[in-house]
Structure formats: C-alpha cells, structure tokens
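Coordinates in review
Listed below, chain by chain, are the residues.
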Amino acid sequence: MKALQSILLPVAASLVAIAIGAILVAALGYNPVSVYGSLISGAFGSLGNLGNTLTASLPLIIIGLGIALSFQSGLFNIGADGQYWIGATAAVWVGYHFTSLPGWLHMLLCLAAGMVAGALWAGVIPGLTKAFVGAHEVITTMMMSYIAILFARYLIEGGPMQEKGYIPQSPLIASNTQFPYFTQGFARSQLSPISMLIAALAVLVAWFLLYKTTLGFSLRSVGLNPRAAKYAGIRVKLYIIIALALSGLFAGLAGAVQMLGVDHQLLDGFSSNYGYTAIVVALLARNNPLAVVISGLFFGALTTGGQNMQIVSNVPASLTNVLTGLIIFFVGCERIIPQVIGWYRRRRSARAQTPAS
Amino acid sequence: MEPVLEVVDLKKWFPGVKANDGVNLTVHAGEVHAILGENGAGKSTLMKVIYGLLEPTSGEIRLFGQPVHFRSPRDAILAGIGMVHQHFMLIPALTVAENVVLGDEPGGVRFDRREAVRRVRELSERYGLAIDPNAKVGDLTVGLQQRVEILKAFYRKARVLILDEPTALLTPQETRELFNIIRALKAEGVPVLFISHKLDEVLEISDRVTVMRAGKTVETLETKGATPQMLANLMVGREVVLRVEKPPMEAGPPVLEVRNLRVRSADRHERVKGVTLTVRRGEILGIAGIDGNGQFELADAIAGLLRAEAGQIVLDGRDITHLSPAERTQLGIAYVPQDRQLDGLVLSFDLASNIILRDFRRPPFSRRGILNRRAAESYAKRLIEAFDVRPPDFRRKASELSGGNQQKVILAREVSRDPLILLAAQPTRGLDVGAIEGVHRQLVRLRNEGKAVLLISLELDEILSLSDRIAVMHDGEIVGVVDRAEATREQLGLMMTGRRAKEGTA
Amino acid sequence: MIFSNPEIWALTLSMAIPLALPAVGGTFSERTGVVNIAMEGIMLIGAFFGVAFSYWTGNAWVGLFAAIVCGALTALALAWGAIHVSADQTVLGMGINIFAAGLTTFLLNTLFGYNGTPVNTPKLPSVSIPGLDHIPYIGVIFTNQSVLVYVGIVLIFLSHWFLFSTRLGLRMRSVGENPLAADTLGIPVWRLRYLGVVLSGVFSAIGGAYLSIGILNGFTSNMTSGRGYIALAAMIFGKWTPLGSFGAALIFGFSTALGIVLQGHGVSSNILQMIPYALTILALTGLIGRSTPPAADGIPYEPRR
C-alpha cells in the first residue's frame, strides 16, 4: 500500500502535468495528440533518437543520485549545477594537460579531478558552514553554484583556460581522453559505452553505499532523526559534511563524464540546467537510486523528445520545461493526499457523531 | 462574596486516560489560590481546558457566575482570563511594548508606538511590574519575560490571572520578585490561580490551596492551617504501592561512580550542579525528583550526549568523562532515553535497523563498513521473540508499533547488549499497565543478573516499587540517598521539594 | 578615475532596482514565514506578460498592470502550496522557477514566433526629475531613468514604513516569528501569510516588468538571467528588511555597473559578479554581521482543530 502510493504519486503528478500541457497546447491551436506523438517518437522513435535520449539522461541520472543521497541525509543540495560545472572544468583542465599519460590513466585522472572538485565545492563551504554555524545549505549551495559558473566563465573569458576563437572556449581535451562512441546502432548520437558504464556503476555504488554500508546507514539515520543518530553514537556534523561532499562528488563526476563523452571542452553558455532538472529527477524517484534511473530517462526523453517536437510539430521545446515545473510543483504538494483523506474521514466521523450528541 | 471562577465536576478523558476525572474548584476575588499536585496529577490538562485549548468531556466552568464555553484561547482572553504559560508565548524579536499590545494595537493604519509604550508603562506602574517597554524581549531574562506575559494578560483586561508553574524557570531572586508582584496584585483585588508542585512556594504565597491527585481534586484547605506534611500526604496519597517480586540482593562493587558532575543543558542552563553518586552491581538505584531538576541531563551526561562541564564519570574503574557516546556504549553503558520517539528510535527505519542502531558498526552486523543484513535480521528476530514485540515482524517500521512495543524494542536492544549498567529514563512513560509490568520485570531481571540499573522516574510509585536505594534530586543536586527499606513516601515527597533528609544516609 | 564619472552611479541605480524590488517582495514573504525562492520565476512572468499586454493593448501601463496581476496569481499558487498543503517551500519555489522559465519561452515562441517580441511594443516612459536633474554631478542619476525607478524607490521606502511602522506590518512580522503566539492573540496567521506571499509576487513582477518594458521594450528568453536569485541574496544580506535589501541591491548593482564600465580594462566582470553571492555566504556565516532569518521562516503553521 505504502509502496504503491510512493509510485502512484509521481506518476499521478506527471499525468496531471501532461494533461495541463495538453490543454495549453490545444488552447494555442495545436493537436495535443500529434504534439505528444512527435515528442515520444523524438525520444524513442529510432535507435539514434534513443541514443540521444540516453545521452541526455546520463548526466541527469548521475547528478540525481547525488541529490537523492543528500535528500536521504536530510539536506537539500540545490547547487548541483555549480558542482557539475566545477567538475567539468576540472576534468577539462586535466584533459588538456598531462598529455604524455597513457589514455586510460588520463581518463581516470580526468574523472577523479571532476569528482574531487565537485566534492570540495559542496563539502567545504556549504558543508562546514552547515555543520558548524548552521548556515542553511539551500542558500549556500545556491550561491556557490553561481560562483562556480561565473568562475568557469571567467576561466574561458580572458582567464587562463581561454583558447583563441570567436566565442569564449577552452582548449579541447586530449583526443585519447575522449570517450569513443558506439560505432553501430546508436551511431548517430553522441552516446558512449563508457559513459553508460560509468552511469551504471554510479547507480550501483549509490545504491550499495546507501543501503549496504555503515556509511549509508549513518547518513540515513542523520537524515531521518539526527537526535537518534547522536544517541546511536553517530557524529552528526561529520556526516553532514560527508553527505554534501558525496552529493557534490556525483555532480562533479557527471560534469567530467559529459566533458569526456560529449562536449570535449568548456564552451560559453553554461546553461544546461542539468543540476536543477536532476533535483526533479531525485524528487520524482523519491530518492531511490534505482528509481533515479527511470526518472532520469523520463526527463532525458522529455529533453530530446522536446527538440523533435519543435521540429516536427512546431511546438517550442520549452513546453517540456513547463511540464517539468508542473511536475515538481505537484510532487511538492504530495501532502495534499493525506490531507484530503483526513478531511474526508473527519467529515465522515463528524457526520457519524452528530446524531449521538 | 461571589466566586470569580468556578470549576464544577469537570472531566476530560482521552482515549485510555482520565486526565481530569472530577475537578472542583472555586476561586474568590482577591485571593491567591494554589493548585498543588504531582506531575501527571492533571494540573496542566485543567489549565488547557480553562484556557480553551481543550474541550471538556463533561462538567462546567463558570466565570462570575456565568457558564462559559471557550472554543479557543481567544474566547478565554475576551472573557477575561489571563494565562501565563510555563513556556512563554512571546516573540523574542519584538519589543516589550509590541509584544504586549500585539493583536490590539493603538493607532489607525499606523502603529502608534509611542502610545503603545505609554500604555505599557502605565500598566507596569499600576501593577508594580517594572520593565522597559522598549527593550527587545529576546534580550530579557526569563523573569522579565514572565512580566511581559503578565502585562499581556492585564493589557487585555484580565479579571483572573492563571500562573502555570511560574517559578519553574526562575532563579530564587526572580521568584521572590514574582511573589511581590503576586502580593501587589492581590492588594489590587485580582484573583490569582497559582499552579505548582512546589510545597514551599504554595505555603508561602497562597491563601487557599486545592490539592490534585490522579486527575481529581482531593481537598481544598486554608493555607494558614496547613502543614507541609499534611499537603505532602494529600499530594502523594496513600495507595498501595505496586509490588514487584524482588529477591534480596547483596549489592556488589561499584560499577558507575559520578563525582562532582556539572552539566549544562542544550539551552546553556546549568542543570546538574555537582552531583556525586555511586551505582553498584546488583542494585537498582532510583532517582526521584520533580521534572526539571536535572535528572535527565544527568543521564544524558553519563551516556555522553551532553558534555561534562566539570567533574568525573568513572565506569568500572575507568575514567570515561571525555569519551564519545559510541565509546561509552561499547564499554557497557546501555541507555533507554526519556523520549523514545525523539531519541531512541528512527521511526522510519524498520525494526531490524532499529535493533542494531547502536551496534551497526560492529561485527556481526557489519565488517569493514559493509552491513550484514542477515545477521541483523536473525538477531532482530531473536530479540523480537524474546521480548514479545508485536507484531513480530522485523520488517515493520518502528512508527507502526504501539508505544509499549516501541519501548520493548528499545529495551530489547539495550538490555541484550550485555551492559554493565542500564540507564533507564522514564522507561514506562505513557505505557499501559501490562506494558509497564513487562518493563519492570526486565529491570529487575537485569539487577538479579548482577548488573547495575540507574532508574530515573517522575513517578514516585515506580521508584518505590523497584529501587534498592533511592537518590532524590532537586535543583541539580542530590538532596539525599536513602535505602528503600527506610524510605517513606512522605519523607521522599519532602526531599523532592528540596528539604534535606533528616536521617539521610548520603 | 571611474568613480568620478556620475554615469556609473546612474547605472548602479538602474541595475539595483530590478534586484531591490524582488528582494523587498521576498522580504514580505519571508517575514510572514514563507520561504520564497520563486522570485526569478515570478520576475519572468512579470517581464513576459508586461510586454505581451503592452503590445496587445498598445499601452505600457496596462502591460504593467497585467504583469502585476500575473505575478500575484503565480505567487498565489506558491502561497496555497506552502500554507494550505504545508508543502516543502523550496521545492515549490523551484517548480515555479522552472515552470515560469518554460512557460514564458513557450508563449514567446508560440505567440510571437522565434524572432522575438515586436519592436513597436510600447515601453514605460523614462523621466528626469525637474530640479534634481540640473544639480551638477548627481543630476545625471535622476536624468532619463525609467519611471519605474522612481516608483520603485517610493515603493521600497513605503514598504519599510509599512512593515515596521504600521499595525498590519507588526502583525505580519509576528506571524513569521511565532505563529502560535500570534494565533492565540487572534491574529489570522494564514491570511497574513497569503498577503506576504502575494505581495512578493507583485514586487517581483514589477521588477520583471522593469526589465522588459521599463529599460527595454521586448522580452527575450530567460531575460532575468538570475536576478531573482541575486535578489534572494540581497534580501538575506539586507537582513530581511526593505531598506537593507535596497542597500544590498545598490552594492550588488554597483558591482554589475562596475563590470560594465570596466569592460576592456582588464578586470573580469565575471569575478565582479561573484561579489553578491560571496557576500551572502559571509553574511550567513556571521563573518560580517550575522543574518538571521525570521524564527518561523519556512515552517508551515497548522492551526489547532
């Protein structure tokens, strides 16, 4: 019953959002069925499209894991976007230095740099200030996120990572650090088997860490009841820092994977918003690492499907953001369900009592 | 003279609990009327009913002869009831004047601050409540904050003032000042209802006193003719103490020694002021005392959850004063905390996880940081069976269990760790009779096995029926330690109010 | 020397207004106890509908009015979720931000196509203050600024007075500090929280409209570019007071203006733009005068039954 409810709620929220989207589209004179049809075919219609969907899903999944982990530890890491970009920046920097290293080692070093950078970005300032002076992590991670993006932009706009060109950009990473793409099947997409492998590993690691290790046990205890955690001998402040650092680590890893697998360099823009969509991914998955895969795919499909929808049906891709926003709002309002049930019960019991009194 | 406030045969029943079960009370103009009773006697339920926070099951409240039915505190305020809660309803960020006039401010659109200050100043002069209307409430001492609450009541034209445990958080100096205020109010003709469990204060300040016990008002008498002994007897009653079968035991060597321990609570108040005590193998040492006298902070400090400001804690000959909670657990301290839902359990975890909550870092429950769920499950299964936890399913979340079964889970976890000493803080709070018996049996079994038990309870009956020795705590200090065989309820009742034992064996 | 050029001060003021207005709005919301991170989204709503109605009716003032109405309606959704449903206010705010970014871009492209809003959209007038604009040196600050700059300044001072000198303001603050205490004194907690949140919508929408029909006369996708979040920072840095927020917005606006003026002088505007965020973290950690939020900020209040 409880498990069923935890699946039904996100599904219901998504369906309501899709329905509202349909009304919006219809009101503007489009045919909702063909619009959503083009969205679905754009996401899954061919192997190439499916490849694009998977490519778009991977960063969402990896960041979403970290966010789920922070939520399970009772913390709201809203600044994953910045941690993602800091991880990407570190990976790119390492990627065009140390070119004498063997390719596989160089790749690993890039990934490690991304993870460390993301972990430090979330763990040091937001983590320490939360643990020791109680500064709210929503604000600190958000502020740090903007600082990260401005810092990365500075690096390629007149800073030490700038490469000559018409637009601000960094040098390309060494070609032997770039992940190879599928040569068949998904050939037309930028999907790499290595990225998929890393994402799959990340899911397993996150799941194992949360549910099978003493570290995860401690984190979840702190998230659910810090007082009981203290009573159980868990050092609450330490685990607050660890939780934020781990959360940043996943975001940083996502940045590194994206650089090595897709972008190969920092480019002006920094407007992927992966870090924000990933919050929705985690919320919709109710912070379960395995469910993050499904909700990550859902939002990845929304992104790629939206681009196809714009081309085929001439409906702007930003419709998918409307849907995303609505879904997050409705999932946020989940407490309406017990409230409605409670209200109904009270009404019934009030009616039952009235004749007696 | 017409009574100001009358309570007639008031009953307030909760499912399973008769919190008020026949309360009768008459307060006259110009008198200070005390309500005296132990914790759990039903005093605060009565206050909530009078103030419109709870609706009575039956009975009547009359104000100046008129029956009244309050649906919210607002109704009560409008009718002229002024209440000063034990926990103040103040807004620390605002000034005294703002707090007092809030909800009924002078001015039109604009808030006439000057007028507010003037009115508050006038009120404070009239009632002798010296205070700076422009001070920020958050910067005031507790005693001054209480004055703000009293001013709030009079600003709303209170015709009767109810003070709920008003001295609980005050220093002796502040208490004296409060009493002066109460006398001044009495001179003004304002009736004051003074709720307290402190004998001395009741004797000092009240004209008449009504004693409550087990939800009923027992007797109302003139304070002038009352003696402390008389009131103490009325307060604790003379019912037969629940007997627990307990073979005589020779207490062994000391297990826990606490020396000159000083502890501050989380809100930085010093709550334990130099406590020294010893618990031996094979004994239950009961700590009696009224709530808020430092006994729970003492337990937290022994368990390592609060830091010792000074003094020493020695477990089995080893100084553990500066060890972490985890290390103390490992060395053999088991702890049933006062608030089982807030401290003792992670309610959303299943029973298996809750049962290993204090040991998950150790084999067999984990090795090298990897949990062994199977070990946890088989262990949980065993404990659930042994302690008859219902439903017997380790996959259930702790939140799905009744209070009694939650407590069984905690006890099972703590007792089965083969500790040297068990700290049990209010282990039967809120449990039904059957569950209470079960908990008591476990404590005695532990003692019979030669372990030490430190039992902290606000229920004198529980202390009397279980303890081998009884230490009484008052205001952060041990007033005295007496053998159970020599202890009487009356003597303990007096000690709980801070009077030294006449022939204490401390 | 750059600072002796009064243009930078005029630019500072013009950059500060779209930060200060949503910051003051957020102050209203959080002072009554509802955490509001949705200023960015509501600004976008205000900016878009301001332009749309300005174009459709040919009257920028109608556009401003429409912006206010749409902003208030969006805030109403946040208020309902936060107050009636007791939902997580941060989650709701995020949802609104993503929704608003999507909706405004979507409507921009469906209603006006992909070439942007029409160039003949009317904008609100820019005015100089007679008398002040002729004062040497500082005159330029009050020359040819959007009318919303002056309206905004008046609103900010009015807000400060309202929050700290009126009866309603006192009650609103009490609700954000200790709703239970306020409730027992008969103060309608929920109604005042609705008022606070809706006011935040109104102010944020004006801030958005200032960008789209005050300075410019068109809407571009995500044109607020994070100002709603800087406003959040300004609100915190200004210690949850309207004048404090304005002061913080001026500091932040100055760092933006400096970035514009110093372009090509070897100082990175990116680094200058970090200042608001860094200052906010410092303020939260207590290194430069601790900022403490209202005591009941973010905590839903469920009245007794």
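Residues numbered from 1 in each chain as written. Chains lettered and ligands numbered in written order. Predicted model: local features only at pLDDT ≥ 70, side-chain atom pairs only at ≥ 80, totals over all residues. Heavy atoms only, no water.

Quick notes on the overall build of chain A
Note the cut-off: In this description a helix means any DSSP run of H or I spanning at least four residues, a strand means any run of E spanning at least two, and both kinds are numbered starting from the N terminus. Our radius of gyration looks at C-alpha atoms and nothing else; its globule reference is 2.2 Å times the residue count to the power 0.38. The buried label goes to any residue with under 20% of its type's maximum accessible area, the exposed label to any with over 50%, and the partly exposed label to all in between, with areas taken from a 1.4 Å probe on protein chains only. Here, two residues are considered to be in contact whenever any of their heavy atoms come within 4.5 Å of each other. Neither His nor the chain ends is counted toward charge; the positive residues are Lys and Arg and the negative residues Asp and Glu. Here the site of a charge means NZ on Lys, CZ on Arg, CG on Asp, or CD on Glu.
Along chain A, the regular secondary structure elements total 14 helices and 0 strands. In chain A, the succession of helices and strands from N to C terminus is α-α-α-α-α-α-α-α-α-α-α-α-α-α. On C-alpha atoms alone, chain A measures out to a radius of gyration of 22 Å, which is about the 21 Å that the 2.2 N^0.38 rule sets for 357 residues. Principal-axis analysis of the C-alpha atoms gives chain A an extent of 85 × 60 × 35 Å. Across the 357 residues of chain A, 57% fall into the buried class. Residue pairs at least 24 apart in sequence account for 76% of intrachain contacts in chain A once pairs closer than 6 positions are excluded. On chain A, the mean spot of the 18 positive side-chain charges and the mean spot of the 7 negative ones are 26 Å from each other.

Some points on the overall build of chain B
To keep things clear, this is the line we draw: Each accessible area is a Shrake-Rupley estimate made with a 1.4 Å probe; only the visible protein chains count as cover when residues are assessed.
In terms of regular secondary structure, chain B is built from 17 helices and 22 strands. For 506 residues, the compact-globule estimate of 2.2 N^0.38 gives 23 Å, and the C-alpha radius of gyration of chain B, at 25 Å, lies within 12% of that figure. Taken along its principal axes, the extent of the C-alpha atoms in chain B is 70 × 55 × 45 Å. Residues counted as buried form 57% of the 506 residues belonging to chain B. Entry remark: accessible area of chain B is about 21500 Å², with carbon and sulfur atoms responsible for 48%. If the 71 positive side-chain charges of chain B are averaged to one point and the 68 negative ones to another, these points end up 4 Å apart.

Section: unusual backbone geometry
For residues other than glycine, phi is negative in most cases, and the peptide bonds are mostly trans. Backbone torsion omega between Pro363 of chain B and Pro364 of chain B reads 5°, so that peptide bond is classified as cis. For Pro364 of chain B, the position within the fold is in the loop between α12 (351–355) and β17 (366–367). For the bond from Arg390 of chain B to Pro391 of chain B, the omega torsion is -5°, close enough to zero to count as cis. Within the element layout of this structure, Pro391 of chain B appears in the loop between α13 (373–386) and α14 (403–415). The backbone of Asp418 of chain B shows a phi angle near 55°, a positive value even though the residue is not glycine. By secondary structure assignment, the location of Asp418 of chain B is in the loop between α14 and β19 (421–425). At Ser225 of chain C, a position not held by glycine, the phi torsion is positive, near 35°. Relative to the helices and strands, Ser225 of chain C is located in the loop between α8 (189–215) and α9 (227–237).

Concerning the packing of aromatic side chains
What counts is decided by this rule: Only Phe, Tyr and Trp rings are paired, with Trp represented by its six-membered ring, and only when their centres lie within 6.5 Å; those with planes under 30 degrees apart are stacked, over 60 edge-to-face, the remainder tilted. Lysine NZ or arginine CZ positioned within 6 Å of the ring centre and within 35 degrees of the ring normal marks a charge as sitting over the ring.
If you walk through the whole model with that rule in mind, you get 28 aromatic pairs over all chains. With a centroid separation of 6.1 Å and 20° between ring planes, the pair formed by Trp56 of chain C and Phe112 of chain C is classed as stacked. Placement of the pair is Trp56 of chain C in helix α2 (residues 39–57) and Phe112 of chain C in helix α4 (residues 89–112), with a sequence separation of 56 residues. Residue classification places Trp56 of chain C among the partly exposed positions, given a relative accessible area of 45%. Joined through ring pairs, the aromatic side chains of Phe48, Phe49, Phe53, Tyr55, Trp56, Phe112 and Phe219 of chain C make up one cluster. The aromatic ring of Trp13 of chain B is capped on one face by Lys18 of chain B, whose charged end is 4.5 Å from the ring centroid. Positioned above the aromatic ring of Tyr231 of chain A, the side-chain terminus of Arg358 of chain B is 4.4 Å from the ring centre.

Focus on the packing of helix α1 (residues 6–31) of chain C against α8 of chain C
All names here are of chain C. Formally: Simply put, an axis is a line fit to the C-alpha atoms, just over the touching stretch for a helix, and the angle between two N-to-C directions goes from 0 to 180 degrees. Put simply, angles under 35 degrees are roughly parallel, angles over 145 are roughly antiparallel, angles from 65 to 115 are roughly perpendicular, and the rest are oblique. Handedness of a crossing is defined here by the sense of rotation of the near helix relative to the far one, left-handed for an anticlockwise turn of less than a right angle and right-handed for a clockwise turn.
Two numbers describe how α1 lies on α8: the axes approach to 6 Å, and their chain directions differ by 165°. In terms of orientation, α1 and α8 fall into the roughly antiparallel class. For the element pair α1 and α8, the recorded crossing hand is left-handed. Here Ser14, Ile17, Pro18, Leu21, Pro22, Val24, Gly25, Gly26, Phe28 and Ser29 of α1 lie close against α8, whose contacting residues are Gly196, Val197, Leu199, Ser200, Phe203, Ser204, Ile206, Gly207, Tyr210, Leu211 and Ile215.

Focus on the domain arrangement of chain A
Residue and element names in this part refer to chain A. Keep this limit in mind: Residue ranges labeled as domains rest on an automatic or database domain assignment. Summed over both partners, the accessible surface that disappears when two parts come together, traced with a 1.4 Å probe, is what is meant by buried area. Whenever Lys or Arg places a side-chain nitrogen within 4 Å of a carboxyl oxygen from Asp or Glu, that contact is recorded as a salt bridge. Whenever two N or O atoms come within 3.5 Å, that pair is a polar contact, provided that in protein one can donate a hydrogen and the other can accept it, and provided that, for residues adjacent in sequence, both atoms are side-chain atoms.
Per the domain assignment, the segments making up chain A are domain 1 (1–30 + 317–357) and domain 2 (57–179 + 189–314). Contact with domain 1, which involves 14 residues of that partner, is made by 13 residues of domain 2. When domain 1 packs against domain 2, the two sides together hide about 1200 Å² of surface, and 74% of this comes from carbon and sulfur. Summed over the shared surface of domain 1 and domain 2, the result is 1 salt bridge. When the shortest N-O distance is used, the salt bridge between Arg286 and Glu334 registers 2.4 Å. At the junction of domain 1 with domain 2, the criterion picks out 2 residue pairs in polar contact (both at pLDDT 80 or more).

Thoughts on the sheet that holds strand β22 (residues 477–483) of chain B
Residue and element names in this part refer to chain B. What counts is decided by this rule: Strand pairing is defined by DSSP finding a minimum of two bridges between the two strands.
Spatially, β16-β19-β20-β13-β21-β22 is the arrangement adopted by the 6 strands of the open sheet, whose pairing is mixed. Single-partner strands in this sheet number two, and they are β16 (333–336) and β22. Direction aside, neighbouring strands of the sheet carry axes that sit 20° apart on average. Along the sheet, α14 contacts β16 and β19; its crossing angle with β16, the most-contacted strand, is approximately 175°. Strand contacts of helix α17 (residues 489–496): β13 (283–288), β21 (469–474) and β22, with the helix running at about 30° to β21, the strand carrying the most contacts.

Focus on the interface of chain B and chain A
So the rule is basically this: Side-chain classes follow a simple rule in which Ala, Val, Leu, Ile, Met, Phe, Trp, Tyr, Cys and Pro form the nonpolar group, Asp, Glu, Lys and Arg form the charged group, and the remainder, Gly included, forms the polar group.
Taken together, the contact pairs 26 residues of chain B with 18 residues of chain A. Summing both partners gives a buried area of about 2000 Å² for chain B against chain A, and 63% of it is carried by carbon and sulfur. Seen at the junction of chain B and chain A, the total is 1 salt bridge. Here Arg227 of chain A and Asp343 of chain B are joined by a salt bridge, their closest N and O atoms 2.8 Å apart. At the surface where chain B touches chain A, the tally comes to 11 residue pairs in polar contact (both at pLDDT 80 or more). Of all the secondary-structure elements, those providing two or more residues to the side of chain B that touches chain A are α10 (325–331), α11 (340–344), β18 (370–371) and α14 of chain B. The biggest single contributor to the side of chain B that touches chain A is α11 of chain B, with 4 residues. Within the side of chain B that touches chain A, the residues separate by chemical class into 15 nonpolar, 6 polar and 5 charged.

Brief notes about helix α7 (residues 193–212) of chain A
Residues and elements named next belong to chain A. The line we're drawing: For a helix, the expected span equals 1.5 Å multiplied by the residue count minus one. Throughout, the arc means the angular range of directions from the helix axis out to the C-beta atoms.
With 20 residues, α7 should cover 28 Å at 1.5 Å per step; its first-to-last C-alpha distance of 27 Å lies within 8% of that length. Here α7 has its buried residues at Ser195, Ile198, Ala199, Ala202, Val203, Ala206, Leu209 and Leu210. Taken end-on, α7 shows its buried residues confined to a sector of 145°, consistent with a single buried face. Residues of α7 that are exposed and point over 90 degrees away from its buried face: Leu197 and Leu204. Considering only its buried residues, α7 is in contact with α3 (47–72), α5 (103–133), α8 (214–224), α10 (236–263) and α12 (289–313).

Here we look at the pairing of β16 of chain B
Residues and elements named next belong to chain B. Neither face of β16 is left uncovered, since the one carrying Ile333 and Tyr335 and the one carrying Ala334 and Val336 both have all their residues buried. Where β16 and β19 come together, 4 bridges link them in parallel fashion. Bridging across to β19, Tyr335 finds its partner in Leu423.

Things to note about the environment of Gly138 of chain B
All names here are of chain B. Within the secondary structure layout, Gly138 lies in the loop between α4 (113–126) and α5 (142–155). Exposure remark for Gly138: the relative accessible area of 40% places this residue in the partly exposed category. Separated by 42 residues in sequence, Gly138 and Val96 have C-alpha atoms that sit 9.3 Å apart. Those residues in contact with Gly138 that lie beyond four places of it in its chain are Pro92 and Gln145.

Section: the pattern of salt bridges
Residue and element names in this part refer to chain B. For the coordinates displayed, the defined rule picks out 43 salt bridges over all chains. Note that Arg373 is salt-bridged to Asp350, the shortest N-O span being 2.7 Å. Here Arg373 is found in helix α13, whereas its partner Asp350 is found in the loop between α11 and α12, with 23 residues between them in sequence. Of the charged contacts, one joins Asp393 and Arg395 as a salt bridge, the two residues approaching to 3.9 Å between their closest N and O atoms. By relative accessible area, which is 26% here, Asp393 ends up partly exposed. The class of Arg395 is exposed, set by a relative accessible area of 57%. Beyond isolated ion pairs, a larger network of salt bridges with shared partners links Glu115, Arg118, Arg119 and Glu122.

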